[in-house]
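# Secondary and tertiary structure notes
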Amino acid sequence: SQQGEEDPQALSIQEGENATMNCSYKTSINNLQWYRQNSGRGLVHLILIRSNEREKHSGRLRVTLDTSKKSSSLLITASRAADTASYFCASGYNNNDMRFGAGTRLTVKP
Amino acid sequence: EAGVVQSPRYKIIEKKQPVAFWCNPISGHNTLYWYLQNLGQGPELLIRYENEEAVDDSQLPKDRFSAERLKGVDSTLKIQPAELGDSAVYLCASSFISTGEQFFGPGTRLTVL
């Protein structure tokens, strides 16, 4: 079963705009990861944020983590058509368990 | 460096037939995962291996699914007999440590008719 929830389920924006996706989880985590999946392909790791971190950057990606609200957000700045994909958060729990959310389908229109 | 290799990429079978999937993880990765992914959903863990030991198989339907990871490297996932509801993409992933960055294979798309 999936233990994370993401919203929105789908997001459509114009190229150049920013895209924000949110993820919530249910119990205490060790870390939280974000992955991207292009249609018909495997998942690709984007970024990992540990439970004692609040923000992390990687290129045009910014991830925040709020452990008090059990939530995380992924911001993609200056989006490109090539960013069109599904984005998943994965919660890493202290028992070495990791669970994926249902994902956000992002469409970036040129 | 080669990524995670899975075969076959596609498989079409009739219900009640057996089917097997193979995965070769990235060299040196001790942890191997099998996931099931339905259309429009995230991956759902079926089984996680640490070396050759299955440390989490709580979501594996053991009446029809089985898996093995001989010598702690390659792994096979088997379904016998397959049911219509098993149609999905089966993903294999590997990582150095549990809860670390996972590297995914391209998946096997199974269609059960």
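Below or above, wherever it landed, is the structure these notes cover. Residue positions are counted from 1 within each chain, in the order its sequence is given. All chains are assigned letters beginning with A, and all ligands numbers beginning with 1, in the order in which they are written. This being a predicted model, a pLDDT of at least 70 is required before a residue's local features are given, and a value of 80 or more before pairs of side-chain atoms are given or counted; all residues contribute to the totals for chains, interfaces and linings. To get the side-chain values, take all heavy atoms of the structure and skip hydrogens and water.

## Quick notes on the sheet that holds strand E3 (residues 19-24) of chain A
All names here are of chain A. Across the sheet, five strands lie side by side as E1-E3-E8-E7-E6; this open sheet has antiparallel pairing. Only two strands of the sheet have a single neighbouring strand rather than two, namely strand E1 (5-7) and strand E6 (55-58). For this sheet the average axis-to-axis angle between neighbouring strands, irrespective of direction, equals 15 degrees. With three bridges joining them, E1 and E3 adopt antiparallel strand pairing. The residue of E3 that forms the bridge with Glu5 is Ser24. DSSP-based pairing: two strands are paired if at least 2 bridges between them are found. To qualify as a helix, a DSSP run of H or I must reach at least 4 residues; to qualify as a strand, a run of E must reach at least 2; elements of each kind are numbered from the N terminus. Orientation is described by axes fitted as lines to C-alpha atoms, over the contacting stretch for helices, and by angles from 0 to 180 degrees between their N-to-C directions.

## Focus on the layout of surface pockets
Roughly 550 Å³ of volume is contained in the largest pocket. Taken together, 31 residues line the largest pocket, and the ones lying closest to its centre are Gln37 and Gly40 of chain A together with Gln37, Leu39 and Arg109 of chain B. Of all the secondary-structure elements, those providing two or more residues to the lining of the largest pocket are strand E9 (85-93) and strand E11 (104-109) of chain A together with strand E9 (88-95) and strand E11 (108-112) of chain B. In this classification, Asp, Glu, Lys and Arg are treated as charged, Ala, Val, Leu, Ile, Met, Phe, Trp, Tyr, Cys and Pro as nonpolar, and every other residue, Gly included, as polar. Here the lining of the largest pocket is composed, by residue class, of 10 nonpolar, 17 polar and four charged. Here a cavity is any set of points on a 1 Å grid over the protein atoms alone where a 1.4 Å probe fits but cannot get out, and a pocket is any open set with protein on both sides within 12 Å along at least 5 of 7 lines; a residue lines the site when it has an atom within 4 Å of a point. As for the second largest pocket, its lining consists of Asn38, Arg41, Gly42, Leu43, Val44 and His45 of chain A together with Glu101, Gln102, Phe103, Phe104, Gly105 and Pro106 of chain B. Taken together, the elements giving at least two residues each to the lining of the second largest pocket come down to strand E5 (43-50) of chain A together with strand E10 (103-104) of chain B. Grid points are joined across faces, edges and corners, and a volume is the space filled by probe spheres set on the points.

## A word on the packing of aromatic side chains
Any pair of Phe, Tyr and Trp rings, taking the six-membered ring for Trp, is counted once the centres come within 6.5 Å. Such a pair is stacked with planes under 30 degrees apart, edge-to-face with planes over 60 apart, and tilted for the rest. By the definition in use, this model includes seven aromatic pairs over all chains. Aromatic pair Tyr35 of chain A and Phe100 of chain A: ring centres 5.4 Å apart, planes at 55 degrees, arrangement tilted. Placement of Tyr35 of chain A in strand E4 (residues 29-37) and of Phe100 of chain A in strand E10 (residues 98-100) is noted, with a sequence separation of 65 residues between them. Across the pair, exposure class does not vary: Tyr35 of chain A and Phe100 of chain A are buried alike. Ring centres of Phe100 of chain A and Phe104 of chain B lie 5.9 Å apart, and the angle between their planes is 80 degrees; on these two criteria the pair is classed as edge-to-face. Taken together, the residues Phe100 of chain A in strand E10 and Phe104 of chain B in strand E10 connect one chain to another. Each member of the pair, Phe100 of chain A as well as Phe104 of chain B, is classed as buried. Clustering of aromatic rings is evident, with ring pairs tying together Tyr35 and Phe100 of chain A together with Tyr33, Tyr35 and Phe104 of chain B. Residue exposure (1.4 Å probe, protein chains only): buried if accessible area is under 20% of the type maximum, exposed if over 50%, otherwise partly exposed.

## Things to note about the interface of chain A and chain B
Residue contacts follow a heavy-atom distance rule, with two residues in contact if any of their heavy atoms lie within 4.5 Å. The interface is formed by 25 residues belonging to chain A together with 22 residues belonging to chain B. Simply put, the buried area is the total loss of 1.4 Å probe accessible area from both parts when two parts are fitted together. When the two sides are added together, the surface that chain A and chain B hide from each other amounts to roughly 1,700 Å², 47% of it contributed by carbon and sulfur. Here a salt bridge means any side-chain nitrogen of Lys or Arg lying within 4 Å of a carboxyl oxygen belonging to Asp or Glu. Counting across the interface, chain A meets chain B through one salt bridge. A salt bridge links Asp56 of chain B to Arg99 of chain A; the shortest N-O distance between them is 3.9 Å. Counting residues per element, the ones that place at least two in the side of chain A that touches chain B are E4, E5, E9 and E10 of chain A. Per-element tally for the side of chain A that touches chain B: the top contributor is E4 of chain A, with five residues. Of the residues in the side of chain A that touches chain B, the class split is eight nonpolar, 13 polar and four charged.

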